[in-house]
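# Fold and geometry: a report
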Amino acid sequence: MLSAGFILLLSAAYLGLLFAVARFGDARADAGRSIITANVYALSLAVYCTSWTFYGSVGRATSGGLSFLTIYIGPTLMLLFVGVIIKMIRISKAQRITSIADFIASRYGKSQLLAGLVTVIAVIGVVPYIALQLKAVSASLEVLLDHSGASFMPPMFDSTFVIAALLAVFTILFGTRHLDATERHEGMVAAIAFESVVKLLAFLAVGLFVTYGMFGGFSELFQRAAAAPELARLLQLDSSRSGTWTALILLSGLAIIFLPRQFQIIVVENVDESHVRRAVWLFPLYLVLINIFVLPLALGGLLHFQGQSFNPDTFVLTLPLSRGAEALALLVFIGGLSAATGMVIVETIALSTMVCNDLVMPWLLRLRWFGVSERRDLSGILLGIRRAAIVLILLLGYIYFRAAGEAYALVGIGLISFAAVAQFAPAMFGGMYWKQGTRAGAVAGLLGGFAVWLYTLLLPSFARSGWIDPGFVEQGLWGIGALKAQALFGLSGLDEISHSLWWSLFANIGLYVLVSLNSRPEALEAGQAERFVDVFRHGERGSDARLWRGTASVDELVSLLERFLGPLRARQQLATFAAAHGAADWKALPADAEFVRFAEAQLSGAIGSASARVMVASVAREESLGLDEVFDILDEATQVRAYSRELEIKSRELEAATAELREANERLRELDRMKDDFISTVTHELRTPLTSIRAFSEMLHEDPELDLADRTRFLGIIVNEAERLTRLINQILDMAKLESGRAEWTAADVDLGEVAREAMASLEQLFRDKGVALESEIPAHGPVVLADRDRMTQVMINLLSNAVKFVPGATGRVKVRVKADGRQVRVEVEDNGPGLSAEECLVIFEKFRQGGNAMTDKPQGTGLGLPISRQIVEYFGGNLWVESRPGAGARFIFTVPLPAPEKITGET
Amino acid sequence: MKRGNPLRQRLAALGLLGIPLLTYPLLSLPSGSWNGIPASFLYLFGVWTLLVVLAAGVAERRGK
């Protein structure tokens with residue numbers, strides 16, 4: 001019992017509900033409490049699923065089996081490359097981008113030509129897609145009405161035209177209520193998310209009904225299909241069509257981000273980058289769910305309507321109706337209407353923004369009679385243009401539907417649109433990742449790709465319905481076989497979509513790259529390229545403001561803003577901007593580069609970047625920056641970063657070098673001081689004996705009367721002092737030789753025990769004179785080391801004579817010990833003298849340091865013996881040190897390593 | 001300088017894994033049927049669902 005009136009009422013009620021959701025979303029957004037959560041964002045992406053998905057997929061599955069899935073696998077894979085999407089969002093936010101045309105135009109130097117070109121391609125490309133929606137809604141309506149035998153409209157009206165008109169009105173109500181600087185429509189996004197849920201539920205409901213209600217579930221359905229020979233092939237993947245499979249995945253992967261409505265939803269309507277993280281899996285999950293029942297529905301329809309005439313695109317309606325499930329059919333109709341409406345709303349809003357900003361406005365701004373500069377408030381005109389654009393686009397959709405719609409199934413029409421928007425891919429990807437891409441390249445690529453698409457896909461679709469002569473498809477243009485529209489240059493064996501896609505992308509990419517490489521970007525273009533490609537590296541503001549130089553007046557810019565945004569909105573934005581810059585009133589702001597940039601950004605939101613640039617340029621006198629200058633500024637920014645890093649490294653290196661230098665300097669100074677000390681000490685040491693020699697000589701010389709005893713005593717002193725002087729000079733020379741490494745060494749086997757005994761023997765008299773006991777603990781033979789015998793004797797004598805000097809007479813005792821362990825010989829000379837403090841233990845090895853108190857005691861040695869001895873021992877690889885405590889005697893120890901034991905060489 | 005966001009890289013890796021799994025020639029591997037349901041149908045939806053589940057796991061792992 002479905003009357004036309006009831007269907008109409010239900011549809012109106014549903015659209016009213018959508019509208020209410022949208023108003024609610026807008027109200028919440030105005031109140032600052034956005035209802036756009038990550039889930040809402042992810043669901044709104046499902047605007048991708050249109051009537052095509054809802055009705056068309058089933059139709060496609062009846063002829064192509066599982067190949068309909070490519071359209072949903074492509075987006076799943078594309079979304080996983082989340083970096084690309086985040087980059088698009090980041091760039092769009094930084095540049096205030098409102099559409100895909102704006103994106104491409106802005107990247108290539110805010111070019112009005114490119115903006116217009118992209119808009120034209122998008123409108124022409126998407127028109128078939130809108131026609132698809134009209135066709136689907138009208139077909140579904142027809143099915144319902146046929147069923148009830150009622151008539152919806154008086155016969156003079158065309159129901160499709162009425163649907164198009166209603167959709168236009170609804171879209172206008174929806175999307176162009178006010179002019180937002182960011183072109184964001186939160187209410188619309190909320191409504192789309194809502195309708196996405198409705199269409200999913202409706203589709204699942206009919207899927208379950210058919211699979212489990214009409215048939216006995218998946219297994220039975222598939223088994224019955226497998227039994228029918230003409231259906232069995234739908235169950236298997238046809239690997240001979242693998243090229244088409246890949247092409248469709250590529251095509252849909254590009255469509256998910258480059259269709260104007262998808263760009264609108266994913267990029268422009270994104271309020272928070274982190275929402276993408278949810279969308280990356282929730283939206284594909286939605287796609288999986290909405291596709292599970294497609295093949296069962298197709299098979300069910302084919303089995304059920306075997307032998308009758310049917311339209312597979314409307315199986316989702318006709319199947320429940322054939323079982324009298326009218327309520328379910330109504331739900332499905334609402335789901336389909338929902339899918340179509342959602343698509344039409346978002347698509348036409350996105351396209352109308354592009355048409356207004358990138359096509360009509362630039363043209364109006366150039367017309368003198370229009371008098372842009374005289375009009376006080378242009379925001380009303382902008383809205384008017386957008387509304388007209390919406391009507392126009394739907395009208396074009398209707399015309400296409402009439403011209404070519406009958407010849408194609410739903411999916412066939414949609415794919416034509418996909419192939420058109422795929423043309424944006426080279427300019428978009430190149431623009432985001434390749435700084436070298438130029439405007440000339442982008443224009444050439446887009447024109448080339450679009451022309452090929454037009455010739456190989458769109459025009460043949462008209463030819464098929466007989467609108468134009470199909471000669472260029474069948475025989476080739478002017479009868480040239482190589483120019484056959486769907487077998488270009490003889491490329492055949494592909495379906496028409498893959499054929500068009502490969503040729504158009506080939507032309508597009510080829511031209512884009514070749515022309516880019518052979519053209520030079522303008523200054524503005526180079527700056528934009530840098531900002532797009534390096535968007536993650538540039539801060540939100542950073543060097544941007546520096547790329548503008550000139551003079552402007554605040555008043556003129558403000559009046560510009562008021563004219564395009566409306567006075568109220570302009571003042572709001574100005575107040576926000578002033579507050580962010582710590583100024584109480586915008587009138588106090590300077591008309592500097594940042595303010596100009598702000599004004600341009602606000603205008604971009606309303607009229608697109610290309611037009612905004614023209615408008616700002618009309619009131620601000622900008623000094624043109626040359627290309628080189630722009631590069632310099634941009635390079636400066638990168639270079640400053642590089643330099644500062646380099647500088648940091650250099651300064652650290654410098655610090656290290658300075659520290660090293662300071663240390664070396666310290667060492668040098670120390671050495672210098674030591675040299676000075678040495679010389680003064682040597683001089684002093686030499687002068688002491690000289691002075692006494694001279695004094696006594698003078699006395700002998702001046703006083704001839706001196707008695708013999710005195711004379712003999714004086715001469716004895718002179719002889720002693722002369723000997724000491726000689727010894728001193730010898731030792732100084734010895735020391736110098738040792739230190740400079742010019743000393744002559746002989747190396748032979750030396751029995752250290754024997755050396756010790758000889759040294760003791762040679763000093764025996766000295767010990768006896770002083771009454772000092774000399775003891776020894778020396779093995780009878782050995783140990784034998786490799787050394788210089790005379791030098792070793794010198795060390796031994798030195799240590800012994802030191803010891804005898806410091807021990808007290810009569811009670812003094814000196815003990816010599818020689819012993820060897822596995823690796824070295826250890827020689828000790830121990831005395832019971834006054835001992836040394838810890839400090840003295842170290843300094844006595846310095847040159848000219850005498851034991852005892854140098855101030856009171858008469859020097860008893862030269863002060864070179866120990867340093868020389870240490871040099872000798874160390875030369876042979878040993879050590880010389882002293883162990884002592886004050887009052888406990890001293891023990892001088894030196895070691896000499898034993899020669900390595902000879903290896904036993906072999907058994908023979 | 002921010003480089004190599006791990007989340008983006010993991011998801012992209014899933015994408016790169018998914019491309020060969022969901023295109024020919026690997027797609028021609030499943031044959032026959034299971035419980036009446038064609039293997040190709042099960043394979044496509046199985047791999048696809050698995051990708052979605054893995055992506056969800058990666059994307060939601062560290063909360064917000």
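The structure under discussion appears in the preceding block.
Residues numbered from 1 in each chain as written. Chains lettered and ligands numbered in written order. Predicted model: local features only at pLDDT ≥ 70, side-chain atom pairs only at ≥ 80, totals over all residues.

### Let's talk about the interface of chain B and chain A
Opposite the 30 residues of chain B that make contact, chain A presents 32 residues. Elements supplying a minimum of two residues to the side of chain B that touches chain A: helix H1 (6-21), strand E2 (37-38) and helix H2 (39-60) of chain B. Here the side of chain B that touches chain A is composed, by residue class, of 19 nonpolar, eight polar and three charged. (Contact = placed C-beta atoms within 7 Å. Helix = DSSP H or I, 4+ residues; strand = E, 2+ residues; numbered from the N terminus. Nonpolar A, V, L, I, M, F, W, Y, C, P; charged D, E, K, R; others polar.)

### Description of the environment of Arg107(A)
Residue and element names in this part refer to chain A. Take Arg107: it is sitting in helix H6 (residues 100-107). Residue classification places Arg107 among the buried positions, given that 28 C-beta atoms sit within 10 Å. Along the chain, Arg107 and Phe532 lie 425 residues apart, while their C-alpha atoms are 6.7 Å from each other. (Buried ≥ 20, exposed ≤ 12 C-beta atoms within 10 Å, placed from the backbone.)

### Some details on the environment of Ala339(A)
Residue and element names in this part refer to chain A. With respect to the helices, strands and loops of the structure, Ala339 is situated in helix H17 (residues 326-366). Judged by the 31 C-beta atoms lying within 10 Å of it, Ala339 is buried. Taking C-alpha positions, Ala339 is 8.7 Å from Trp52, a pair spaced 287 residues apart along the chain. Discounting chain neighbours no more than four positions away, the residues touching Ala339 are Cys49, Thr50, Ser51, Thr53, Phe54 and Lys199.

### Here we look at the sheet that holds strand E8 (residues 879-884) of chain A
All names here are of chain A. Strand order across the open sheet formed by five strands is E4-E6-E7-E9-E8, with mixed pairing between neighbours. Two strands close off the open sheet at either side, each with one partner strand: strand E4 (773-777) and E8. This sheet shows a mean twist of 15° between the axes of neighbouring strands, independent of strand direction. Looking at chain direction, E4 and strand E6 (residues 813-820) are connected through five bridges and run parallel. Note on E6: the bridge partner recorded for Glu775 is Lys815. (Pairing = 2+ DSSP bridges. Axes fitted to C-alpha atoms, helices over the stretch in contact; angles between N-to-C directions.)

### Re helix H31 (residues 752-762) of chain A
For H31(A), the set of buried residues is Leu752(A), Gly753(A), Val755(A), Ala756(A) and Ala759(A). All buried residues of H31(A) project into a common sector of 160° when viewed along the axis, lining one side. (Arc of directions from axis to C-beta.)

None of the figures reported here should be taken as evidence of function without further support.
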